[in-house]
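Structural description and commentary
Take a look at the letters that make up each chain.
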Amino acid sequence: MNVYFKIKNVDDNIKIVYNIIKYEKERRMNKKLLKSKMVLEGDTNETLASKINITKSSFSNKLNDRRSFTKDEMLKIKIIYNLTEEEFFKIFFESDESK
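For the structure given in this document, a descriptive report is provided here.

**Focus on the overall build of the protein chain**
Along the backbone of the protein chain there are 6 helices and 0 strands. When the elements of the protein chain are put in sequence order from the N terminus, they spell out α-α-α-α-α-α. Of all 99 residues assigned to the protein chain, the portion counted as buried reaches 36%. Put simply, of all contacts in the protein chain between residues at least 6 apart along the chain, 67% involve residues at least 24 apart. Carbon and sulfur atoms form 50% of the exposed surface of the protein chain, whose accessible area is close to 6,400 Å².

Here it is as structure tokens:
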């Protein structure tokens, strides 16, 4: 399923991309928070992978920190789940173990 992404607020997304680059080396994913968003929206690994145009296997590798989500994939997830900037950073830059 290909999803057309319409950027509603370009300035917010530019700020988010800037922060992704700034914190890239510190990136630790909060898998539990992303999975909870997926459950709330009725998504599985397979359905979200399809929405962001990657394979289920690739999504699994990224979800389990064997690979990193690309900036584009992270922005797509932000748009799909209508994440606030705070939720976005909690998911992609704050590990499950950080609390």
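**Describing the nonpolar core**
Counting residues in hydrophobic clusters, the biggest one holds 19 residues, and the most contacted among them are Leu34, Leu48, Phe59, Phe69, Ile77 and Phe92. At the level of secondary structure, the elements contributing two or more residues to this core comprise α2 (31-41), α3 (45-51), α4 (56-63), α5 (71-80) and α6 (85-93). Among the elements that take part in this core, α6 stands out by supplying 5 residues, more than any other. Residue contacts for Phe59: discarding those within four places in its chain leaves Leu34, Met38, Asn45, Leu48, Ala49, Ile52, Ile54 and Phe69.

**Overview of the packing of α2 against α6**
Put simply, α2 and α6 touch, their axes get as near as 7 Å, and they point 125 degrees apart. Relative to α6, the element α2 is oriented oblique. For the pair formed by α2 and α6, the contact residues are Leu33, Leu34 and Lys37 on the first element and Glu87, Lys90 and Ile91 on the second.

**Here's the deal with the side chain of Lys37**
Here Lys37 shows up in helix α2. Classification of Lys37 by relative accessible area gives buried; the value is 16%. Those residues within four positions of Lys37 in sequence are excluded, and the remaining contacts are Tyr81, Leu83, Glu87 and Ile91.

**Notes on the packing of aromatic side chains**
Enumeration according to the criterion identifies 6 aromatic pairs in this entry. With 5.2 Å between their ring centres and 50 degrees between their planes, Phe88 and Phe92 make a pair best called tilted. One end of the pair is Phe88 and the other is Phe92, both in helix α6 and 4 residues apart, which spans about a single turn. For the residue pair Phe88 and Phe92, the accessibility class agrees, reading buried in each case. Through successive ring pairs, a cluster of aromatic residues spans Phe59, Phe69, Phe88, Phe89, Phe92 and Phe93.

**Observations concerning α5**
Among the residues of α5, those classed as buried are Glu73, Met74, Leu75, Lys76, Ile77 and Lys78. Downstream of α5 by one or two residues, Asn82 has phi in the positive range, about 50 degrees.

Reading guide: rules and limits
Counting restarts for each chain: residues are numbered from 1 in the order of the written sequence. Selection of residues for local features in this predicted model requires a pLDDT of at least 70, selection of side-chain atom pairs for listing and counting requires 80 or more, and totals for whole chains, interfaces and linings are taken over all residues. Side-chain metrics rest on all non-hydrogen atoms present in the structure, leaving aside hydrogens and water. Only runs of H or I of at least four residues qualify as helices and only runs of E of at least two qualify as strands under DSSP, and these elements are numbered from the N terminus. Three exposure classes are used, based on accessible area relative to the maximum for each residue type with a 1.4 Å probe and protein chains only: buried under 20%, partly exposed in between, and exposed over 50%. Any two residues having at least one pair of non-hydrogen atoms within 4.5 Å are treated as being in contact. Calculation of accessible area relied on Shrake-Rupley with a 1.4 Å probe; when residues are assessed, cover is drawn exclusively from the protein chains displayed. We define the nonpolar core as a collection of buried residues of types Ala, Val, Leu, Ile, Met, Phe, Trp, Tyr and Cys that are connected through side-chain atoms lying within 4.5 Å of one another. Angles run from 0 to 180 degrees between N-to-C directions of axes, and those axes are lines fitted to C-alpha atoms, restricted for helices to the stretch in contact. Comment on the angle field: the value is read as roughly parallel under 35 degrees, roughly antiparallel over 145, roughly perpendicular from 65 to 115, and oblique elsewhere. Stacked, tilted and edge-to-face are the three classes applied to pairs of Phe, Tyr and Trp rings, where Trp contributes its six-membered ring and a pair requires centres within 6.5 Å; stacked means planes under 30 degrees apart, edge-to-face means over 60, and tilted covers the rest.

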